[in-house]
Amino acid sequence: MVLLKPSAFSKSPKPLPQQGGFSDSLIGDTVEAADAFVSQWVSPHLYDSSSTSCSLSSLFSAENRGEGRRFLDVLAKLHYAIQSAGLVNPDSAKLSQARDLMQTAMKYLEKEFYRVLKSNRRFFDSESISSLSSNENVEGDADAIEDLKMIANCMISSGYEKDCVKIYKKLRRKMIVEALSNLGFEKLTSAQMQKLEWEILEKKIKGWVRLAKVAFVTLFNGERILCDRIFSTSSSSSSVSIAESTFVEITLQSALKLFIFPITVAKCKKTAEKIFPTLDVYQTILHVIPQIEQIFSYDSTACVRSQAAESLEKLGESVNAMMIEFQSSITKESSKSPIPCGGVHQLTRYVMNFIVFLADYSDSLTAIIKDKESSLPLPEDYYNNSNNNEENPGNAGSPMAARLAWLILVLLCKIDAKSRLYSDAALSYLFLANNLHYVLIKVRTSNLKVVLGDDWVANHEVKVTQYLEKYEKMAWGDVIASLPGVSTAAAKAEEALRRFNKAFEETYKKHKNWVVPDPKLRDEIKASIASKLMGGYTGFYKKYPVGSSDIVRFTPEDLNGYISDLYIGLRGSVPVSTN
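Residues numbered from 1 in each chain as written. Predicted model: local features only at pLDDT ≥ 70, side-chain atom pairs only at ≥ 80, totals over all residues. Heavy atoms only, no water.

### Quick look at the nonpolar core
Phase 1 of the analysis: Within the largest apolar cluster, 177 residues are counted, with the highest numbers of intra-cluster contacts made by Phe-71, Phe-231, Leu-404 and Phe-504.
Phase 2 of the analysis: Once residues lying within four places of it in the same chain are set aside, the contact partners of Phe-504 are Trp-476, Val-479, Leu-533, Phe-554, Leu-559, Tyr-562 and Ile-563. (Core = buried A, V, L, I, M, F, W, Y, C linked by side-chain atoms within 4.5 Å. Buried < 20%, exposed > 50% of the residue type's maximum accessible area, 1.4 Å probe, protein only. Contact = heavy atoms within 4.5 Å.)

Here it is in structure tokens:
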């Protein structure tokens, strides 16, 4: 216990020849002065030793706060006198009287401690208290916290630690439980949760994510701050501080119960559609780990930190298993019917939308995947790692990026296999161009561009161009080759024009229902074809206009109109003469 030195409050003792007489005089004067002051606030009709209800006459109300400080000062002097007298004359009647007075005063302080805690409850909510971490004072709570701190110091130094802490823990533990309940916390066991349908559990995941963020960032953080503020200077007989032991008893069980949920989620059946809710839980814990390590930094709360780490480990294993299942679902896709008109395959849409969502969890996936993917058989030149650096693991070349790139490669290999379902080689190349272009659009317009890097995008843009060049050569090569020009001799003009008409009409009929879903790519293909046909045909037409020969059928505007009508599928095709 701390011995507090008396101030000028006590009367100067008269010199006495014997130690017993001196101590009796000292404690007698102190008890007399203390009793006179304490009795102003503590009287039989206000005091009920069996009750902890708030007194009608509050010593630590705003108008009486100065008296409250003086009350604590009086008790400090009384405690010092008791300690001093006890060493000299432990059987003194005055000492017994002083101890009785101290006990009465402590009972009153106990009630005051309860009253201040309860009456200032609205100022002690987690959000308000959490703001104190930056040394900001929220209106109304600074004086109350100081009152509680002074009362606690007085009670603890006077040997009433258990009484003080018991009240505090009872009220604050109740507030924590109520706050968690209001946030939607349910006391479900792991066995109960495992019996829930996935749709129900998925809804509970959304609630848990909101709950966990508030609990660790605000609720437990506020409680740690309040405990530290009130009990920071209070000493304890054990090696564990009062602030630590109080905080632990208030929050530990509630914090541990929160981690039952993520461990249960990690045990769910590993299917691809469950990966995003699972990542939501993982990412929530990952983001609050700094707060958990700071708030539960005591040795006695190491179990909370280990539960958080275990939750991340189990959830990470679950996510890895789900990604393997997702990859397997791509390779096992077994549809044998080619997509009509060479459009984007539904597998491409599904897989890319899935991977785009995965990329939004890049920080979590970086933590989960780490170096496990170094064995993926990606081509050596798959990345030009100009964007890669150790400080930014989200860039191309990281294990996480390699894993996502591998999933896209698996998809593209599958699409390549499906391109062989077409009997027309030109349509198969248009199919490949459409699907790879869709992949690129998804990469460019999402976080995948950051993950995979500019080099990956550039490399695959080249592949789209190569597919289109092969398509154009196979689809329009004969038309372009048959195109008559200005230099065509008059004697050969009719034969050349017949070949061109026949080639163009056959190609148009075949291709008019083929599709290029992306408007920009569609315009680029049509512009490329027009650039190779319109110049030569326009020159020929000027030399041999319609009417000059029975076989001159199209004006340049007609030809351009037919080209413009291409690649929009079955909508609004313009009929072409079959002659």
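Further notes follow.
### Comments concerning the confidence of the model for the chain
Parts of the model with low pLDDT should not have their predicted coordinates read in detail.
Phase 1 of the analysis: Of the residues in the chain, 80% have a pLDDT of 70 or more, and the chain-wide mean is 83.
Phase 2 of the analysis: Under a pLDDT of 50 for its full length, residues 49-56 has, in the predicted model, 10 contacts with residues more than four places off or in other chains. (pLDDT = per-residue confidence, 0-100.)

### Quick word on the packing of aromatic side chains
Phase 1 of the analysis: Under the counting rule described, the total for this entry stands at 26 aromatic pairs.
Phase 2 of the analysis: For the pair Phe-326 and Phe-354, a centre-to-centre distance of 3.8 Å together with 15 degrees between the ring planes defines the contact as stacked. With Phe-326 in helix H12 (residues 302-332) and Phe-354 in helix H13 (residues 346-359), the pair connects residues that are 28 residues apart, well separated along the chain.
Phase 3 of the analysis: Residue classification places Phe-354 among the buried positions, given a relative accessible area of 6%.
Phase 4 of the analysis: Taken together, the aromatic side chains of Phe-216, Phe-220, Phe-247, Phe-259, Phe-296 and Tyr-298 make up a single cluster linked through ring pairs. (Phe/Tyr/Trp six-rings, centres within 6.5 Å; stacked < 30°, edge-to-face > 60°. Helix = DSSP H or I, 4+ residues; strand = E, 2+ residues; numbered from the N terminus.)

### As for the packing of helix H6 (residues 161-182) against helix H8 (residues 198-231)
Phase 1 of the analysis: One way to put it is that H6 packs onto H8 with a least axis distance of 11 Å and a crossing angle of 165 degrees. Considering their axes alone, H6 and H8 lie roughly antiparallel with respect to each other. At the point where H6 passes H8, the crossing takes the right-handed sense. From H6, Cys-164, Val-165, Tyr-168, Arg-172, Ile-176, Ala-179 and Leu-180 reach across to H8, where they touch Leu-211, Ala-215, Leu-219, Phe-220, Glu-223, Leu-226, Cys-227, Ile-230 and Phe-231. (Axes fitted to C-alpha atoms, helices over the stretch in contact; angles between N-to-C directions. Parallel < 35°, antiparallel > 145°, perpendicular 65-115°, else oblique. Left-handed = near helix turned anticlockwise from the far one by under 90°.)

### Considerations on the pattern of salt bridges
Phase 1 of the analysis: For the structure on display, the rule yields 17 salt bridges.
Phase 2 of the analysis: Among the ionic pairs, Glu-112 bridges to Arg-115, the shortest N-O distance being 3.7 Å. With Glu-112 and Arg-115 both in helix H3 (residues 93-119), this residue pair falls three residues apart, about one helical turn.
Phase 3 of the analysis: Among the residues examined, Glu-112 registers a relative accessible area of 0% and is labelled buried.
Phase 4 of the analysis: Each of Arg-65, Arg-69, Asp-143 and Asp-147 takes part in salt bridges that share partners, so that together they form one network. (Salt bridge = Lys/Arg side-chain N within 4 Å of Asp/Glu carboxyl O.)

### A short note on a positive patch on the surface
Phase 1 of the analysis: Where like charges cluster on the molecular surface, the positive patch consists of Lys-118, Lys-166, Lys-170 and Lys-174.
Phase 2 of the analysis: Among the elements that line the positive patch, the one with the most residues is H6, at three residues. (Patch = residues over 30% accessible without salt bridge, like charges linked within 9 Å, V, L, I, M, F, W, Y side chains within 5 Å. Areas by Shrake-Rupley, 256 points an atom, 1.4 Å probe, with all protein chains shown as cover. Lys, Arg positive; Asp, Glu negative; His and termini not counted. Charge placed at Lys NZ, Arg CZ, Asp CG, Glu CD.)

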